Structures are given as structure tokens and as C-alpha cells.
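Listed below are the residues making up each chain.
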Amino acid sequence: MKPTIIMEGQTDATILRTLLPPELVRSCHLMPTTGRSTLVYVARTHLIKNRAPTAVMLDTDTLDATIIAETIQTTRHLLGAVAGDTPFDIIYCIPHIEVIFFEDVTALQRIFPQFGKVFIPQFAKTQPKDQLEVLFQKGGGPRTLSAFLDQLTPDDVEKLRTLYPLQHVMAFITNNTEIAA
């Protein structure tokens, strides 16, 4: 079985499909769920039924290190209880995967002409989904995630691939493709 990446929703899957190298997208299964409440259940069921290498990519929804550590530990315990010798991992996004777009704002400044007027660094750090939505509404550039992702250059994508969590997802797929083959 192909390695599977289980994530919280279609938005995360869209981001991964766009930013991961095409050969890695082809060699894995991206499985969006209906949200955080079903994430661990879907992952546990997948591990039990398929015995395929499985990574859970979750948004922490917080910057609180204690809560993040507890969430990761609990998720790791719940998956480990059913995984047996099947490889699994937890890939966490603090607080959401969209935070990667704000690590280096050069691309955002190019894509959104009004970037300087609507960008608030602390807002981007604590609520990156909402900051991205403000850019779609008032940034003078693309109005949707898909349109935004379409405007990223190959260089932008390469820079994003060096960031955690994308780097971790790519490593998980690469390291487990041989096992699954």
C-alpha cells in the first residue's frame, strides 16, 4: 500500500497537492477528513484495515507549547496502540498549515498589490488562515486559494518545500514508499 497522509480537510489536501513534487503526490494517498474531530478515528481505522504507512497532519489550533505537546503525545499514543509494526507519524502545523505562506512574505508581496496595507504580522502568526482570507478579500490579488496557489512560481514552491511541515511530509512519503512497494 502507498503511504497515506491523513489531514483535516480539503484545503490542506489542495495545498499539499500543489506544493509537493508531482512524483511524491503520485506515490502516496492524500486523505482529507471532515475536520479535527474525525482525524484520529480515520487514521486509526486506516491503520487497522490497510496496514499502510500513515501520517496524520494536524493543525494545532494554538501556539501554546503545553497543549501542542499534549495533543501530539495523545495522538501518537492512540495511533501507536493500533499501528503494530506499521510506520506512522504525526506532522503538526502550528497553528495551521497556512502559516508556511507567511514565513517569507516575498511571494505574498508580489502576488497581492495591497499586501502592506492589510498584512498584520501577529495576526498571520496566530491566525494564518484568517490573514490569508483578508488577503483574498482586500489584497488586490487572487480571491481564492486555488488562484493564489496558481500564482506561485517554481522558486516560491521550492522555498516552501524547505519548511516544516512540507519537508516532513516529503520525508515520510519518501522513506515509506520503498516499504509500501
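Since we're looking at a predicted model, the values are computed, not measured.

Novice: Is there a simple way to explain the overall build of the protein in this structure?
Specialist: The secondary structure content of the protein amounts to 11 helices and four strands. Against the compact-globule benchmark of 16 Å for 181 residues, the protein has a radius of gyration of 17 Å, which places it among compact chains. The dimensions of the protein, computed from C-alpha atoms along their principal axes, are 50 × 35 × 25 Å. With 181 residues in all, the protein has 48% of them scored as buried. Excluding contacts between residues fewer than 6 apart, the proportion of contacts in the protein whose partners are at least 24 apart in sequence is 75%. The average position of the 16 basic charges and that of the 19 acidic charges among the side chains of the protein differ by 4 Å.

Novice: It is not clear to me how the nonpolar core should be interpreted in this structure. Could you clarify?
Specialist: A general feature of soluble globular proteins is that nonpolar side chains tend to end up buried together. Of all hydrophobic cores here, the largest spans 41 residues; its most connected members are Ile5, Leu16, Leu19, Met57, Phe101, Phe148 and Leu152. Take this core: its biggest share by element is five residues, from helix H11 (residues 166–180). Apart from residues lying up to four places away in sequence, leucine 152 is in contact with Leu19, Phe101, Ala107, Arg110, Ile111, Val157 and Leu160.

Novice: Is there a simple way to explain helix H10 (residues 154–161) in this structure?
Specialist: An α-helical segment advances 3.6 residues per turn. Residues three or four places apart therefore align on the same side. Turning to H10, its buried residues number three or more, namely Asp156, Val157, Leu160 and Arg161. Here the buried residues of H10 occupy an arc of 135° about the axis, which is enough to place them on one side.

Novice: When you look at the packing of helix H3 (residues 36–50) against helix H4 (residues 65–83) in this model, what are you seeing that I'm missing?
Specialist: Geometry of a packed helix pair, given as the angle between the helix axes and the separation of the axes. Here H3 crosses H4 at 25°, and the two axes come no closer than 8 Å. As summarised for this structure, H3 and H4 are arranged roughly parallel, according to the angle between their axes. Remark: the crossing between H3 and H4 carries right-handed chirality. Here H3 contributes Arg36, Val40, Ala43, Arg44, Leu47 and Ile48 to the contact with H4, which in turn contributes Thr71, Thr75, Leu78, Leu79, Ala81, Val82 and Ala83. In terms of residue class, the contact of H3 with H4 is built from nine nonpolar, two polar and two charged.

Novice: Mind showing me how you'd approach the sheet that holds strand E2 (residues 29–32) here?
Specialist: Two strands in a sheet stick together by hydrogen bonds in their backbones, pointing the same way (parallel) or opposite ways (antiparallel). One open sheet holds the four strands; their spatial order is E2-E1-E3-E4, and the pairing between them is parallel. With partners counted over all chains shown, the strands left at the sheet margins are E2 and strand E4 (88–93), one partner each. When strand polarity is set aside, the average angle formed by the axes of neighbouring strands in this sheet is 20°. When strand E1 (residues 4–7) meets strand E3 (residues 54–59), the two strands line up parallel, connected through four bridges. Bridging across to E3, isoleucine 6 finds its partner in valine 56. Contacting E1, E2 and E3, helix H1 (residues 10–19) crosses the sheet at an angle of about 155° to E2.

Novice: Can you walk me through unusual backbone geometry in this structure?
Specialist: In terms of backbone geometry, most residues other than glycine have negative phi values and most peptide bonds are trans. In this structure, proline 95 follows isoleucine 94 across a cis peptide bond, with omega equal to -10°. If you trace the backbone, proline 95 turns up in the loop between E4 and helix H5 (106–111). With an omega of 20°, the peptide bond between tyrosine 164 and proline 165 qualifies as cis. Mapped onto the elements, proline 165 comes out in the loop between H10 and H11. One non-glycine residue, aspartate 61, lies in positive phi territory at about 60°. Mapped onto the fold, aspartate 61 is located in the loop between E3 and H4.

Novice: Explanation requested: the side chain of glutamate 98 in the structure shown.
Specialist: Considering the arrangement of structural elements, one finds glutamate 98 in the loop between E4 and H5. In this structure glutamate 98 is buried but unpaired, with lysine 129 as the nearest side chain of opposite charge at 4.8 Å. With residues near it in sequence (within four places) discarded, glutamate 98 still touches Thr11, Asp12, Ile15, Pro128, Lys129 and Leu132.

The rules behind these values
Residues numbered from 1 in each chain as written. Predicted model: local features only at pLDDT ≥ 70, side-chain atom pairs only at ≥ 80, totals over all residues. Heavy atoms only, no water. Helix = DSSP H or I, 4+ residues; strand = E, 2+ residues; numbered from the N terminus. Rg over C-alpha atoms; globule rule 2.2 N^0.38 Å. Buried < 20%, exposed > 50% of the residue type's maximum accessible area, 1.4 Å probe, protein only. Contact = heavy atoms within 4.5 Å. Lys, Arg positive; Asp, Glu negative; His and termini not counted. Charge placed at Lys NZ, Arg CZ, Asp CG, Glu CD. Core = buried A, V, L, I, M, F, W, Y, C linked by side-chain atoms within 4.5 Å. Arc of directions from axis to C-beta. Axes fitted to C-alpha atoms, helices over the stretch in contact; angles between N-to-C directions. Parallel < 35°, antiparallel > 145°, perpendicular 65-115°, else oblique. Left-handed = near helix turned anticlockwise from the far one by under 90°. Nonpolar A, V, L, I, M, F, W, Y, C, P; charged D, E, K, R; others polar. Pairing = 2+ DSSP bridges. Salt bridge = Lys/Arg side-chain N within 4 Å of Asp/Glu carboxyl O.

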